[in-house]
Amino acid sequence: FASADSVGRLLSNPHHFIDGRCVGVSLWKKKAEYVPLKDEVRLRKVHVRFRSGLPERRLHDYFSTFGVVEHIDVRRDPFSQAHRKFCYVLFRSPE
């Protein structure tokens, strides 16, 4: 994230709009069995839900306003390759 303030701005509203489409944002959830390395990543990663396929570039452009985006992992169905209507956004910094 760009700053602690940008984390607050991103997470204070669970719904954001990209190209008129509502997307939901939440912190990536920690599971008890994750190794400590995952803890550091967890602080930089958010889970994003959306109803229809948004281009990865638009997701990147939007979330870049909150900090430097390191990676976007758009989840797809392994058979059809259709969007599964969620992704993970990994920021360079947890702040």
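Here is what the cut-offs are and how they apply
Residues numbered from 1 in each chain as written. Predicted model: local features only at pLDDT ≥ 70, side-chain atom pairs only at ≥ 80, totals over all residues. Heavy atoms only, no water. Helix = DSSP H or I, 4+ residues; strand = E, 2+ residues; numbered from the N terminus. Polar contact = N/O pair within 3.5 Å; in protein donor to acceptor, adjacent residues only side chain to side chain. Pairing = 2+ DSSP bridges. Core = buried A, V, L, I, M, F, W, Y, C linked by side-chain atoms within 4.5 Å. Buried < 20%, exposed > 50% of the residue type's maximum accessible area, 1.4 Å probe, protein only. Contact = heavy atoms within 4.5 Å. Salt bridge = Lys/Arg side-chain N within 4 Å of Asp/Glu carboxyl O. Arc of directions from axis to C-beta.

Novice: Requested: an account of the environment of Ser6, with residues and values cited.
Specialist: Take Ser6: it is sitting in helix H1 (residues 4–12). Each C-alpha atom of the pair Ser6 and Thr65 lies 8.3 Å from the other, and the pair is 59 residues apart in sequence. Among the polar contacts made by the side chain of Ser6, one reaches the main-chain carbonyl oxygen of Phe66 at a distance of 2.8 Å.

Novice: Requested: an account of the pairing of strand E5 (residues 83–91), with residues and values cited.
Specialist: Both strand E3 (residues 45–50) and E5 contribute to a ladder of 5 bridges, which runs antiparallel. Its bridge partner being in E5, Lys45 is matched across the sheet by Leu90. Relative to E5, strand E4 (residues 69–76) runs antiparallel, the two being bridged by 6 bridges. The partner of Ile72 across the bridge, within E5, is Val89.

Novice: Quick one: what's the story with the nonpolar core, residue by residue and with numbers?
Specialist: Nonpolar side chains in soluble globular proteins tend to end up buried together. Counting 18 residues, the largest nonpolar core has Val48, Leu59, Phe63, Cys87, Val89 and Phe91 as the members making the most contacts within it. Counting only elements with at least two residues in this core, the list comes to strand E2 (21–27), E3, helix H3 (56–63), E4 and E5. Every residue in contact with Val89, bar those within four places of it in the chain, is listed here: Arg44, Lys45, Val46, Val48, Phe63, Val69, His71 and Ile72.

Novice: Give me the pattern of salt bridges: which residues, what numbers.
Specialist: The tally for this structure, following the rule as stated, stands at 4 salt bridges. Arg44 is the salt-bridge partner of Glu70, the closest N and O atoms lying 3.3 Å from each other. Note that Glu70 is positioned in strand E4 and Arg44 in the loop between helix H2 (36–42) and E3, a separation of 26 residues in sequence. Judged by its relative accessible area of 45%, Glu70 falls in the partly exposed class. Judged by its relative accessible area of 7%, Arg44 is buried.

Novice: Break down the environment of Arg49 for me, with residues and values.
Specialist: In this structure, Arg49 sits in strand E3. Counting along the chain gives 36 residues from Arg49 to Lys85, while the straight-line C-alpha distance between them is 5.9 Å. With residues near it in sequence (within four places) discarded, Arg49 still touches Pro14, Cys22, Val23, Gly24, Val25, Ser26, Lys85 and Phe86.

Novice: Outline H3, supporting the account with residue identities and numerical values.
Specialist: Buried within H3 we find Leu59, Tyr62 and Phe63. One side of H3 carries all its buried residues, which in axial view fall inside an arc of 85°.

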